[in-house]
Amino acid sequence: MNLPYSFKGNHSYKVPKNISKNAYSIFTHIYKKRVNFFDGRKIRMNEDFLDVYSRKNSEQVIQLSKTTYFNSICTNEIASLEIRSASDTTYRFDGFTLVKSYEDCNTKSRIFKLKESVCSNHIGISTLLLTKDNYVILTMQGNKNYIESKKYTLSASGSLEYKDKKGCKTFGDIIVRGMNRELAEECNIPYASII
């Protein structure tokens with residue numbers, strides 16, 4: 001994970017128009033759940049690791065760009081939803097078309113590569129805390145959380161924020177900084193005490 005990274009020349013992600021027209025339906029679905037929703041600046045991957053590693057060593061730079069949590073809700077988080085017309089049963093939107101391609105009439109399909117994807121693809125992170133006295137810390141998500149509400153989860157989970165890249169030389173450094181930030185926030189421990 002000691003890959004160099006670059007945001008240079010990579011435009012911030014924007015939700016495609018054919019998806020953004022369903023934003024009202026998407027947020028109606030979220031609103032009905034009565035959950036908290038906080039938008040924030042996130043980091044997305046523009047390509048798969050296999051594509052990066054297939055290049056010569058000197059060209060192995062992972063391409064990243066900015067996105068937001070809102071963009072992920074409107075794309076990645078609706079990949080399993082079907083939105084239908086209220087007046088009849090016709091599809092207005094089939095979320096599976098965001099993540100996989102139906103290649104022939106036998107319903108063979110494949111998952112899109114990141115460079116082909118129309119989704120936001122922000123980078124998720126999770127951390128498991130092991131204390132000095134050998135306890136593993138699990139947390140319970142609050143009843144207002146959008147993801148995994150009222151369920152036990154790892155010590156901390158979330159996604160890379162754009163600010164996590166500050167001062168980082170490699171992609172691995174960004175991931176470690178983001179994981180430590182999430183751990184400090186979600187377990188209410190000082191950042192400096194994380195080793």
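It should be noted that the structure appears before, not after, this text.
So, a few notes on the structure that sits alongside this text. The residue numbers shown here count from 1 along each chain, following its written sequence. Totals for whole chains, interfaces and linings use all residues, but because this is a predicted model, local features are given only for residues with pLDDT of at least 70 and pairs of side-chain atoms are given and counted only at 80 or more. Calculated side-chain values reflect all of the structure's heavy atoms, with hydrogen atoms and water omitted.

1. Let's talk about the side chain of Thr67
Line of reasoning, step 1. Here a strand is any run of E in DSSP of at least two residues, a helix any run of H or I of at least four, and the numbering for each starts at the N terminus. Looking at the element boundaries, Thr67 is found in strand β3 (residues 62–68).
Line of reasoning, step 2. Per-residue accessibility, obtained with a 1.4 Å probe over protein chains only, is compared with the maximum for each type, and a residue is labelled buried under 20%, exposed over 50%, and partly exposed between these values. Thr67 gets classed as buried once you look at its relative accessible area, which sits at 4%.
Line of reasoning, step 3. A polar contact is formed between the side chain of Thr67 and the side chain of Asn71, at a distance of 3.3 Å.
Line of reasoning, step 4. A distance of 2.6 Å separates a polar atom in the side chain of Thr67 from a polar atom in the side chain of Ser120.
Line of reasoning, step 5. Contacts are assigned to residue pairs that have any heavy atoms within 4.5 Å of one another. With residues near it in sequence (within four places) discarded, Thr67 still touches Tyr13, Gly40, Arg41, Lys42, Ile43, Arg44, Ser120 and His122. Counted as a polar contact is a pair of N or O atoms within 3.5 Å, where, for protein atoms, one must be capable of donating a hydrogen and the other of accepting one, and residues adjacent in sequence contribute only when both atoms are in side chains.

2. Some thoughts on a nonpolar patch on the surface
Line of reasoning, step 1. There is a patch of nonpolar side chains on the surface, built from Leu128, Leu130, Val136, Leu138, Met140, Tyr152 and Leu154 and spanning about 740 Å² of accessible area.
Line of reasoning, step 2. When you line up the elements, Val136 lands in strand β10 (residues 136–137). A residue counts toward a patch only above 30% relative accessible area and without a salt bridge, and it is joined to like-charged neighbours within 9 Å or, for Val, Leu, Ile, Met, Phe, Trp and Tyr, to nonpolar neighbours within 5 Å. The Shrake-Rupley method, run with a 1.4 Å probe, gives the accessible areas here. Residue values count only the displayed protein chains as cover. Take a side-chain nitrogen of Lys or Arg and a carboxyl oxygen of Asp or Glu: if they are within 4 Å of each other, that pair is a salt bridge.

3. Regarding the layout of surface pockets
Line of reasoning, step 1. Space inside the second largest pocket adds up to approximately 290 Å³.
Line of reasoning, step 2. When contributions to the lining of the second largest pocket are tallied by element, the ones reaching two or more residues are β9 (129–130) and α5 (171–187).
Line of reasoning, step 3. Tallied by class, the residues present in the lining of the second largest pocket amount to seven nonpolar, four polar and one charged. Whether a set of points on the 1 Å grid over the protein atoms alone is a cavity depends on a 1.4 Å probe fitting there but being unable to get out, while an open set qualifies as a pocket with protein on both sides within 12 Å along at least five of seven lines; lining residues are those with an atom within 4 Å of a point. Grid points are joined across faces, edges and corners, and a volume is the space filled by probe spheres set on the points. As a working rule, the residues Ala, Val, Leu, Ile, Met, Phe, Trp, Tyr, Cys and Pro are called nonpolar, Asp, Glu, Lys and Arg charged, and the rest polar, with Gly in that last group.

4. Regarding the environment of Thr139
Line of reasoning, step 1. In this structure, Thr139 sits in strand β11 (residues 139–140).
Line of reasoning, step 2. Each C-alpha atom, one on Thr139 and one on Ser155, is 5.4 Å from the other, the two residues being 16 residues apart in sequence.
Line of reasoning, step 3. Residues in contact with Thr139, not counting those within four places in the same chain, are Lys151, Tyr152, Thr153, Leu154, Ser155 and Cys187.
Line of reasoning, step 4. Side-chain polar atoms of Thr139 contact the backbone oxygen of Leu154, separated by 2.9 Å.

5. Brief notes about the nonpolar core
Line of reasoning, step 1. Counting 17 residues, the largest nonpolar core has Tyr5, Ile43, Ile62, Leu64 and Phe171 as the members making the most contacts within it.
Line of reasoning, step 2. Looking at this core, the elements with two or more residues in it are β2 (41–45), β3 and α5.
Line of reasoning, step 3. Element by element, the count of residues in this core is highest for α5, at three residues.
Line of reasoning, step 4. Contacts of Ile62, omitting those with residues within four sequence positions, involve Leu3, Pro4, Tyr5, Ser6, Met45, Glu47, Phe49, Val52 and Phe171. Joining through side-chain atoms within 4.5 Å is the link that ties buried Ala, Val, Leu, Ile, Met, Phe, Trp, Tyr and Cys residues into a set, and such a set is a nonpolar core.

6. Let's talk about the pattern of salt bridges
Line of reasoning, step 1. Under the counting rule described, the total for this entry stands at ten salt bridges.
Line of reasoning, step 2. Close ionic contact of Lys42 with Glu161 constitutes a salt bridge, the shortest N to O distance being 3.9 Å. Of the two residues, Lys42 is situated in strand β2 and Glu161 in the loop between β13 (156–159) and α5; the sequence distance between them amounts to 119 residues. The two residues Lys42 and Glu161 agree in class, both being buried.
Line of reasoning, step 3. One salt bridge connects Lys115 with Asp51, and the closest N-O pair in it is separated by 3.9 Å. Of this pair, Lys115 sits in the loop between β7 (109–111) and β8 (124–127) while Asp51 sits in helix α3 (residues 49–53), and the two are 64 residues apart along the sequence.
Line of reasoning, step 4. A relative accessible area of 56% places Lys115 in the exposed class.
Line of reasoning, step 5. With relative accessibility at 12%, the residue Asp51 sits in the buried group.
Line of reasoning, step 6. Several salt bridges share partner residues, and in doing so they unite Lys42, Glu161, Lys163, Asp164, Arg181, Glu182 and Glu185 into one network.

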